[in-house]
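Tertiary structure, described
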Amino acid sequence: MKKIININVNGDNHEVAVRPGTTLLDLLRDELNLTGTKKGCELGDCGACTVILDGKAVNSCLVLALDADGKKVKTIEGLAGSKHLHPVQQAFVEKGAIQCGYCTPGMIMRVVSILDENPDPTKEEIKKALSGNLCRCTGYTKIIEAVEAAKAYINGMEQPEIEYQPQKSALDLSVVGKRLPKIDAPDKATGKALFTDDLAFPKMLYGKLLLSPLPHALIKSINTKRALALPGVKAIMTGDDVPDIKWGTSPPRYDENVLAKNKVRYVGDVVAAVAAVDEETCYKALQLIEVEYEELPAVFDPMEAMKEAAPRLFDDKYENNINTHIDHHFGDIDLGFAEADHIREERFVGNRTYQNPMEPHCSIAEWDNHGRVTLHTSTQVVHYVHHQLSRILNLPLGNIRVIMTYCGGGFGAKAATTTIEVMSCFLAKETGCPVKMRFNREEMYLFGRGRHKQYIDLKIGVKNDGTITAVKHKAILEGGAYSSFGIVSAYYAGSMLTTLYKFANYKYDGYRINTNLPPCGAFRGHGCPHPRFAFESLLSMIADDIGMDPIDIRLKNAMEPEYRTCNDLDIHSCEFTACLEDVKKKSHWDSKRGNLPKGRGIGIGCGGFVSGAGYPIYRSQFPHSNAIIKILEDGSKAMLYIGDADIGQGSDTVLAMAACEAMGITMDRISVVSADSDLTPIGFGAYSSRVTLMGGNACKMAGEEIKKQLLQAASEILNVDANILEAKDNKIYVKDKPEISIPWEDAGFAYFSNNGPLVGKGHYSPPKGLGGKYKGAAVGTSPAYSFSATVCEVEVDMETGKVKVLNFWDAHDCGTAINPMSAEGQAEGAVVMGMSEVLFENEVFDKNGKMLNADLHNYLIATSADMPEISSTLVDSYEPAGPFGAKEIGEGATLPILGALANAIANAIGVRIFELPITPEKVLKAIAEANKVNSDS
Amino acid sequence: MYVSDFTYLRPKNLEEALDLLQNKDDAVALAGGTDLLVELKTGVRLCSHLVSLADVEEFKFIKEDEKSIQIGAGITHSQIMQSSLVKEHIPALALAASKIGSHQVRNNGTLGGNICSAAACCDSAPVLISLNAQIEILDATNKKIIPLEDLFQGNKINTLKKGQLVSKVIIPKTGKGTGVHYEKFGLREAMAVSVVSVSVMLKIKNESIENASVVIGAVAPTPKVSVAAVGILIGTPTHLLVEKSDPILRVSEAAVGDSIPIDDIRGGAQYRRDVLFSLTQRCILKALESAQKNV
Ligand SMILES: Cc1cc2nc3c(=O)[nH]c(=O)nc-3n(C[C@H](O)[C@H](O)[C@H](O)COP(=O)(O)OP(=O)(O)OC[C@H]3O[C@@H](n4cnc5c(N)ncnc54)[C@H](O)[C@@H]3O)c2cc1C
Ligand code: FES
Ligand code: FES
């Protein structure tokens with residue numbers, strides 16, 4: 001029964017009727033429509049829901065609304081005045097502390113309370129005080145900087161200037177290469193930015209999925225009668241009610257059903273879907289659905305799964321549960337190993353990790369009366385969702401509109417279509433009402449698509465001088481129940497090992513195995529981080545074996561520009577050596593190496609990635625990125641329409657910067673509309689670190705087309721030849737006589753008046769025919785490759801095994817950084833995420849395949865208190881294929897972290913740990929075993 | 001996620017609260033909610049009546065008398081950290097409180113809720129037990145005082161009966177020469193549940209240990225006094241208590257001997273023993289240091 005409460009929110013008194021179970025968070029969001037306060041975990045673990053209750057910061061998800069009766073609440077909406085941002089908000093915007101922005105409102109409220117309690121906290125105090133607010137994007141670095149800046153604002157102190165040496169390739173540019181705040185940052189800082197779950201439509205229903213409690217079973221019957229009879233339930237759908245069509249991510253491996261048909265393959269597989277007036281009713285209805293299962297034997301270990309007698313997940317395919325097998329051989333490894341003076345082979349094991357974007361997935365579908373469906377969704381890939389819905393709903397693309405709202409991070413978790421995107425459409429059709437579906441944190445883990453756990457046997461041969469002569473690599477990827485991206489992951493695991501070091505002989509054997517666990521997919525660095533961890537570890541071990549400095553062995557083999565790898569990948573720009581030299585110098589490698597006390601260690605690791613995949617996920621001839629720029633009739637604003645998705649990485653800003661540079665206008669003259677299939681031309685979305693290069697090229701091209709037309713218009717006004725004109729900084733002027741000029745907008749106005757709309761179009765397709773001719777040659781191709789190196793220093797508690805990461809010194813060749821502040825943010829975020837994966841993260845299952853840590857309480861990710869000092873450099877580099885010389889940094893920056901940290905730990909404790917995560921328990925065990933060996937010998 | 005149906009009751013004072021808890025079926029007290037709401041949302045617990053202690057002002061005090069510090073069950077961990085009485089007399093409790101969850105959790109989570117949840121890994125109990133703290137238990141008709149230790153029955157099981165509330169924790173004041181320290185080991189720097197914890201109380205007289213307590217946490221179903229460790233400590237000359245000295249190692253071994261850890265997602269039993277061994281040594285030295293300062 002509802003009770004009336006009185007609550008004062010941001011100074012306004014509200015009298016509201018609430019149910020006993022309603023939390024303060026739900027009251028704010030659902031009843032008072034104050035959606036700035038976010039919902040990340042619902043269990044007190046993430047801090048996204050932080051508000052100030054009677055002067056104290058609390059997690060509003062753990063406060064009953066009824067308990068807040070008579071109290072005062074301050075939320076993010078109450079912080080800014082009508083004209084000015086609060087100093088903390090201002091600092092977050094300026095310092096680049098906001099990426100996806102989902103953690104931001106809670107984080108800002110917490111910072112406000114920190115500074116209220118202590119106006120002058122030290123950096124260490126800030127790190128500790130913020131540790132209840134998780135951020136998956138920023139690596140906390142810029143957040144801490146923002147707190148320090150806010151402190152200075154509030155106390156009226158001087159702001160320390162940021163020292164930044166611009167890259168050479170950006171020196172002559174006006175917009176590109178500048179450290180600019182993201183255009184969406186103010187909206188994200190004030191809680192104004194709407195994420196999918198912040199939207200509500202009239203008559204909107206909620207939907208929920210019934211998940212399998214068993215790891216492997218036949219469905220004998222489903223009885224929905226009792227559930228349907230529950231008041232408030234509007235529809236229930238099972239496998240019989242949805243089309244019999246297989247879907248998934250890569251076309252050769254479409255193997256998922258919309259809802260289970262006869263069989264479930266893991267704890268979390270989708271059995272049925274319910275729509276009801278609210279989520280609570282959905283949950284109650286789910287409990288009333290009676291499913292009769294016949295349990296089948298299940299298999300969770302990939303080695304077991306490959307055995308002859310193992311239970312099969314699919315009767316009609318994937319013999320021995322081998323979902324994908326790859327057998328690549330380039331050069332001749334027998335010859336290569338024969339040439340080697342030293343050969344070493346080791347087994348490395350990765351961990352099953354989950355992206356954990358702070359925003360849970362959410363989708364809302366609504367049909368109009370003309371047979372069109374509109375889906376608002378939190379996705380990285382509007383186009384692939386569009387394409388997949390068109391297949392499943394059997395509708396032309398034109399009858400489906402997919403709109404990406406603000407997206408609270410993805411990292412691969414939202415890089416393909418989800419069940420709720422599909423089922424919200426079906427339920428909305430069935431009920432005739434808009435239907436919202438969202439995952440809670442547990443459901444996110446169960447939907448899965450995180451990192452494959454890889455078992456890697458790696459063998460490297462080198463000459464005495466360190467030259468690599470051959471590499472043999474066998475990887476077994478534990479893939480979970482369905483394919484998802486897995487086939488691509490398995491190819492990437494092999495193909496990307498060749499881009500950092502030059503070697504001619506390489507063999508890769510890859511197996512992706514199905515098990516009765518949540519499906520694995522693409523997680524930042526897609527398939528590559530574990531093999532890279534193995535490679536970087538083994539290379540450092542080999543360097544030790546042959547008495548060579550680990551950085552020297554890397555320099556010896558380092559990739560160089562304009563090189564074709566043994567597996568036919570074309571490297572163009574490459575400043576890998578500069579990265580290595582930079583980190584060597586700034587970490588004081590030479591003086592530290594070998595001279596640190598026991599328990600302290602230093603290690604090097606390197607990485608690199610594609611700047612966008614050379615080929616799309618399904619075969620199509622569409623350009624990969626497309627842009628339209630439309631100039632307003634008075635020339636005052638450029639509207640950029642771009643299909644690619646800003647999931648927090650900052651692509652709206654970066655793409656706008658590329659467009660502005662090309663047009664000759666400043667950033668205040670542009671507005672961006674992105675990722676809406678009705679409004680924006682197709683873009684493949686945010687995956688494979690593709691947007692800066694591909695989207696950037698499309699925007700640059702569109703901008704150039706605008707400029708060309710404008711210069712023509714200006715030439716008529718100025719009565720000079722168009723080709724002696726230039727556009728820059730909102731002016732059009734004669735190149736040699738800049739004093740002869742007209743304002744940019746005047747030319748725009750004139751153009752429109754004489755010719756009608758001023759529009760520029762741009763598109764980008766990777767060069768045709770990238771890569772070799774062998775099977776799988778497409779995976780790993782890209783117009784450009786990034787490179788990076790990082791040195792890590794750690795301190796290990798030799799008695800408990802706990803690792804404290806002190807420093808990361810990293811350097812990146814990302815070409816020209818279009819927005820260096822965003823590029824650094826990507827690097828810092830990658831450092832902390834990579835570190836978190838190495839030290840903490842692992843999905844754990846019981847013997848029945850039920851995940852034991854599907855939350856943020858037991859699946860730990862790094863907090864601000866765990867954060868090391870990070871010093872990132874963007875080296876001088878120019879990539880001819882990229883816009884203004886740019887290439888990627890988002891995914892590549894993760895790759896060096898794993899190996900560097902593992903190497904630093906090995907250096908600190910004197911033994912190597914081959915299996916991730918490197919927990920204190922493993923460290924202590926390794927130390928004990930090493931001591932035992934030492935004392936035995 | 002949602003909280004299943006229940007009736008919400010908000011008594012205006014202690015008397016009403018006790019009455020409701022006694023007379024309503026399946027009634028559960030709600031303090032800060034940081035444990036209870038998690039349990040209700042994840043469905044591991046159901047209740048039909050929730051009795052909010054929000055207005056029970058009688059539980060919200062920290063005071064002292066000649067012999068003890070008394071902390072009301074409704075005091076939050078943040079209030080403990082800020083209390084000048086606590087900082088002066090039981091700094092180790094302020095330290096333990098600072099290691100609980102996050103700032104937000106500490107702002108709502110209460111001392112009463114922490115001990116009544118009776119988790120093996122609970123962070124406030126070890127220090128309190130090492131100080132021989134007692135609790136006052138009330139119901140509609142009775143009042144009794146028992147050692148805090150006796151509240152714990154098993155992991156997440158307390159010994160309270162229907163209708164009972166813990167009203168306060170009574171911590172005896174320690175004399176000169178006493179030092180207490182708390183060590184917590186979690187898997188990350190903050191917001192981590194204890195994998196192992198230890199609280200050590202030492203009282204020095206005439207350069208030797210006159211009285212001691214060693215309480216180990218997260219290594220048994222309940223926080224536990226290591227009787228064996230205490231036995232070795234008492235009578236030991238303080239100059240022998242130095243890093244890796246024989247008595248320190250023996251005390252730590254004894255603490256390990258008294259532990260009955262389990263394997264779980266946070267660590268194996270053997271690992272817990274290993275960490276307990278190291279943590280106990282550190283904790284003794286720190287406790288000794290503060291005892292020596294407290295002359
Ligand atoms: C993210 C997170 C992190 C956490 N980290 C830690 C940690 O590091 N260390 C730690 O020890 N705990 C931790 N906790 C657990 C929790 O915050 C604490 O145990 C807290 O002190 C509980 O107090 P509360 O007031 O919120 O209790 P509630 O949730 O309100 O109540 C807990 C239980 O105690 C009962 N109860 C409450 N008060 C009384 C009373 N006066 N008499 C009788 N019964 C009572 C309730 O009925 C309920 O069963 C964490 C919790 C969360 C959500
Ligand atoms: S949503 Fe409240 S702490 Fe995560
Ligand atoms: S910006 Fe913090 S979670 Fe994305």
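Residues numbered from 1 in each chain as written. Chains lettered and ligands numbered in written order. Predicted model: local features only at pLDDT ≥ 70, side-chain atom pairs only at ≥ 80, totals over all residues. Heavy atoms only, no water.

Glancing now at the sheet that holds strand S16 (residues 362–367) of chain A. All names here are of chain A. Reading across from one edge, S8-S12-S6-S19-S16-S17-S18 is the order of the 7 strands in this open sheet, with mixed pairing throughout. Taken across any chain shown, the strands that pair with only one partner, and hence form the sheet edges, are strand S8 (233–238) and strand S18 (400–404). Neighbour-to-neighbour, the strand axes of this sheet turn through a mean angle of 20 degrees, independent of strand direction. Two elements, strand S6 (residues 205–211) and strand S19 (residues 435–438), share 3 bridges in a ladder whose sense is parallel. Across the sheet, Leu-205 pairs through a bridge with Val-435, a residue of S19. Sheet strands touched by helix H8 (residues 279–288): S6, S8, strand S12 (270–276) and S19. Its angle to S6, the strand with the most contacts, is close to 30 degrees. (Pairing = 2+ DSSP bridges. Helix = DSSP H or I, 4+ residues; strand = E, 2+ residues; numbered from the N terminus. Axes fitted to C-alpha atoms, helices over the stretch in contact; angles between N-to-C directions. Contact = heavy atoms within 4.5 Å.)

Turning our attention to the site of ligand 1. Close contacts around ligand 1 come from 37 residues, with Ala-29, Thr-34, Leu-36, His-77 and Thr-110 of chain B the closest. Surrounding ligand 1 is a set of residues that belongs to chains A and B. For ligand 1, an oxygen atom lies 2.7 Å from a polar atom in the backbone of Gly-32 of chain B. One of the side-chain N or O atoms of Thr-110 of chain B is found 2.6 Å from an oxygen atom in ligand 1. Against a free-state accessible area of 980 Å², the protein chains account for coverage of 93% of ligand 1. Listed by contribution, the elements that provide at least two residues to the shell around ligand 1 are strand S2 (27–30), helix H6 (103–108), helix H7 (111–117) and strand S10 (165–172) of chain B. By residue number, the principal contributor to the shell around ligand 1 is H7 of chain B, which donates 5 residues. Split by residue class, the shell around ligand 1 holds 17 nonpolar, 14 polar and 6 charged. (Near = heavy atom within 4 Å. Polar contact = N/O pair within 3.5 Å; in protein donor to acceptor, adjacent residues only side chain to side chain. Areas by Shrake-Rupley, 256 points an atom, 1.4 Å probe, with all protein chains shown as cover. Nonpolar A, V, L, I, M, F, W, Y, C, P; charged D, E, K, R; others polar.)

Residue and element names in this part refer to chain A. Counted residue by residue, strand S34 (residues 803–813) has 10 buried out of 11 residues, so it is predominantly covered. Relative to S34, strand S33 (residues 787–796) is paired through 10 bridges, and the arrangement is antiparallel. Paired with Val-796 across the bridge in S34 is Val-803. The loop that links S33 with its antiparallel partner S34 comprises 6 residues; one of these, Gly-801, has a positive phi angle of about 85 degrees. Bridging between S34 and strand S35 (residues 869–874) involves 6 bridges; their strand directions are parallel. Paired with His-812 across the two strands is Leu-874, which belongs to S35. Considered for its hand, the β-α-β crossover made up of S34, helix H22 (residues 820–839) and S35 is right-handed. (Buried < 20%, exposed > 50% of the residue type's maximum accessible area, 1.4 Å probe, protein only. Right-handed = clockwise from strand over helix to strand, strands pointing away.)

What follows deals with the domain arrangement of chain A. The domains assigned to chain A are domain 1 (3–34 + 54–74), domain 2 (87–175), domain 3 (198–296 + 360–407 + 414–446), domain 4 (453–613 + 779–932) and domain 5 (625–764). With centres defined by C-alpha atoms, the gap from domain 2 of chain A to domain 3 of chain A works out at 39 Å. (Domains from an automatic or database assignment.)

Here we come to the packing of aromatic side chains. Applying the stated criterion across every chain, the model contains 23 aromatic pairs over all chains. Note on Tyr-102 of chain A and Phe-195 of chain A: the rings are 5.1 Å apart at their centroids and 85 degrees apart in plane angle, and the pair reads as edge-to-face. Of this pair, Tyr-102 of chain A sits in the loop between helix H2 (87–94) and helix H3 (104–117) while Phe-195 of chain A sits in the loop between helix H6 (185–190) and S6, and the two are 93 residues apart along the sequence. For the pair shown, Tyr-102 of chain A and Phe-195 of chain A are each scored as buried. Taking 6.0 Å as the distance between ring centres and 45 degrees as the angle between the ring planes, the aromatic pair formed by Phe-195 of chain A and Tyr-406 of chain A counts as tilted. Of this pair, Phe-195 of chain A sits in the loop between H6 and S6 while Tyr-406 of chain A is found in the loop between S18 and helix H12 (419–431), placing the two residues 211 residues apart along the sequence. Between the NZ or CZ atom of Lys-459 of chain A and the centre of the ring of Phe-337 of chain A, over which it lies, the distance is 4.5 Å. Sitting over the face of the ring of Phe-185 of chain B, Lys-802 of chain A holds its NZ or CZ atom 5.0 Å from the ring centroid. (Phe/Tyr/Trp six-rings, centres within 6.5 Å; stacked < 30°, edge-to-face > 60°. Lys NZ or Arg CZ within 6 Å of the ring centre and 35° of its normal.)

It is worth spelling out the sheet that holds strand S21 (residues 468–478) of chain A at this point. Residues and elements named next belong to chain A. Read across the open sheet, the 5 strands follow the order S14-S22-S21-S20-S15; overall the sheet is mixed. Unpaired on one side and paired on the other, strand S14 (322–330) and strand S15 (342–349) mark the two borders of the sheet. Geometrically, the sheet is characterised by an average inter-axis angle of 5 degrees between neighbouring strands, direction not taken into account. Against the sheet, helix H14 (residues 486–495) engages S14, strand S20 (453–462), S21 and strand S22 (506–513), with an angle of about 155 degrees to S22.

So, about the interface of chain B and chain A. Contacts between the two partners involve 44 residues from chain B and, on the opposite side, 56 residues from chain A. When chain B packs against chain A, the two sides together hide about 4300 Å² of surface, and 54% of this comes from carbon and sulfur. The largest per-residue losses of area from chain B upon contact with chain A belong to Met-1, Gln-104 and Arg-188 of chain B, which jointly make up 19% of the total buried on that side. Along the contact surface separating chain B from chain A lie 4 salt bridges. Its salt-bridge partner being Asp-797 of chain A, residue Arg-282 of chain B comes within 2.7 Å of it at the nearest N-O pair. (Buried area = accessible area lost by both parts, 1.4 Å probe. Salt bridge = Lys/Arg side-chain N within 4 Å of Asp/Glu carboxyl O.)

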